[in-house]
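# Examination of the molecular architecture
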Amino acid sequence: QDSIPPFFSSSTTTTTTTATSSSSLEEEEKEKDRPSVASMAVHVGDLSYAGIDTAFPRLNISKDDEFEHVWDLWQVQNTPVASSRPYMVGIGNHEAWYNWTAVTSRFTMPRGGSSSDNATVASTEAAVPPFWWSMDHGLAHWVMLCSEFPLDEGSPQGQWLRRDLAWANAAAAA
């Protein structure tokens, strides 16, 4: 894995509201004149916009509803990218509907670390993928945090981040 070039594609907010007004990461790569040979795709939150904030009482739809078929359509649209390289996601506020169920049932992110030593165990035991996680890709140590959870010193996410970065620094120095 050390020989993998550190080229990656990064995206935030990708909308999928109807089949005619959607945009896939593959199309975005072409529009931005980026090669489609990225070794990894990183999507940083606000994945599908499957939730709505408008109520339609006649249809029994509340402003807190989310549409699973929109998630499915979004995944179909991103299949060319997600099936050809690691497709890593972060969580944004638009994934919060129904206790994060749509995103947590569709994506499994790494817990962090890459060996079985005690430092790795300490680093991974508090990781909560897909909300916050880490991994090594090529020569880089990647960390994904979640803006929807506290990051202050005493928070689980903050404690995990400190342990994970200490592990990554120790691993890099070895």
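Residues numbered from 1 in each chain as written. Predicted model: local features only at pLDDT ≥ 70, side-chain atom pairs only at ≥ 80, totals over all residues. Heavy atoms only, no water.

## Description of the overall build of the protein
What counts here: Numbering of helices and strands starts at the N terminus; helices are DSSP runs of H or I of at least 4 residues and strands are runs of E of at least 2. Only protein chains enter the accessibility calculation, which uses a 1.4 Å probe; a residue whose area is less than 20% of its type maximum is buried, one above 50% is exposed, and one in between is partly exposed. For this analysis, residues touch if any pair of their heavy atoms sits within 4.5 Å. For accessible areas, the Shrake-Rupley method is used with a probe of radius 1.4 Å. Any residue's cover is judged against the shown protein chains and nothing else.
Secondary structure summary: the protein contains six helices and five strands in total. Going through the 174 residues of the protein one by one, you find that 41% of them count as buried. Counted over contacts in the protein with a minimum sequence separation of 6, partners at least 24 positions apart contribute 62%. Accessible surface, the protein as shown: approximately 9600 Å² in total, 56% of it carbon and sulfur.

## Details of the nonpolar core
Selection rule: We define a nonpolar core as any set of buried Ala, Val, Leu, Ile, Met, Phe, Trp, Tyr and Cys residues linked to one another through side-chain atoms lying within 4.5 Å.
Of all hydrophobic cores here, the largest spans 28 residues; its most connected members are Leu-47, Trp-71, Tyr-87, Val-103 and Phe-107. Those elements giving two or more residues to this core turn out to be β2 (41-44), α2 (68-77), β3 (87-90), α4 (101-104), β4 (133-137), β5 (140-144) and α6 (156-173).

## Remarks on the packing of aromatic side chains
Test applied: Between rings of Phe, Tyr and Trp, where Trp is taken as its six-membered ring, a pair exists when centres lie within 6.5 Å; planes separated by under 30 degrees are stacked, by over 60 edge-to-face, and by other angles tilted.
Scanning the model with the defined rule gives eight aromatic pairs in all. Through pairs of rings, three or more aromatic residues link up here, namely Trp-71, Trp-74, Tyr-87 and Phe-107.

## Focus: the pattern of salt bridges
Where side chains of opposite charge bring their charged atoms close, a pairing between them can arise. For the record, the criterion: For salt bridges, the criterion is a side-chain nitrogen of Lys or Arg within 4 Å of an Asp or Glu carboxyl oxygen.
Summed over all chains, the structure comprises one salt bridge. Notably, a salt bridge pairs Asp-72 with Arg-106, separated by 2.7 Å at the nearest N-O pair. With a gap of 34 residues between them, Asp-72 in helix α2 and Arg-106 in the loop between α4 and α5 (118-124) connect regions that are remote in the sequence. Residue Asp-72 is classed as partly exposed on the basis of its relative accessible area, which comes to 40%.

## Considering α2
Because each turn of an α-helix spans 3.6 residues, side chains separated by three or four positions end up pointing in the same direction. The line we're drawing: Each direction from the helix axis to a C-beta atom contributes to the arc, which is the arc of those directions.
Among the residues of α2, Val-70, Trp-71, Trp-74 and Gln-77 are the ones counted as buried. Seen end-on, α2 carries its buried residues on one side only, within an arc spanning 125°. The exposed residues of α2 that point more than 90 degrees off its buried face are His-69 and Val-76. Against β2, α3 (79-82), β3 and α4 lie the buried residues of α2.

## Quick word on the side chain of His-43
Rules: Counting of polar contacts relies on pairs of N or O atoms within 3.5 Å, with two restrictions inside protein: one atom must be capable of donating a hydrogen and the other of accepting it, and residues adjacent in sequence are counted only when both atoms are side-chain atoms.
Position of His-43 among the secondary structure elements: in strand β2. Residue classification places His-43 among the buried positions, given a relative accessible area of 0%. Looking at His-43, its side chain comes within polar contact range of the side chain of Tyr-87, at 2.9 Å.

## Quick notes on unusual backbone geometry
In this chain, Pro-129 is followed by Pro-130 through a cis amide linkage whose omega measures 5°. Relative to the elements of secondary structure, Pro-130 occurs in the loop between α5 and β4.

## Side note on the environment of Phe-107
You can see Phe-107 is positioned in the loop between α4 and α5. Take Phe-107: its relative accessible area is 9%, and that puts it in the buried class. Separated by 20 residues in the primary sequence, Phe-107 and Tyr-87 place their C-alpha atoms 9.2 Å from one another. Every residue in contact with Phe-107, bar those within four places of it in the chain, is listed here: Leu-47, Trp-71, Trp-74, Gln-75, Tyr-87 and Val-89.

## Topic: the confidence of the model for the protein
Selection rule: Per residue, pLDDT captures the predictor's confidence, and it can take any value from 0 to 100.
For the protein, the mean per-residue pLDDT works out to 73, and 68% of the residues sit at or above 70. Per-element confidence in the protein ranges from a low mean pLDDT of 46 for α5 to a high of 91 for α6. Within the model, pLDDT remains below 50 along residues 114-124, and this stretch shows 18 contacts once partners closer than five positions in the same chain are excluded.

## Observations regarding the environment of Glu-68
Considering the arrangement of structural elements, one finds Glu-68 in helix α2. In this structure Glu-68 comes out as partly exposed when scored by relative accessible area, which is 37%. In contact with Glu-68, not counting residues within four places along its chain, are Ala-102 and Arg-106.

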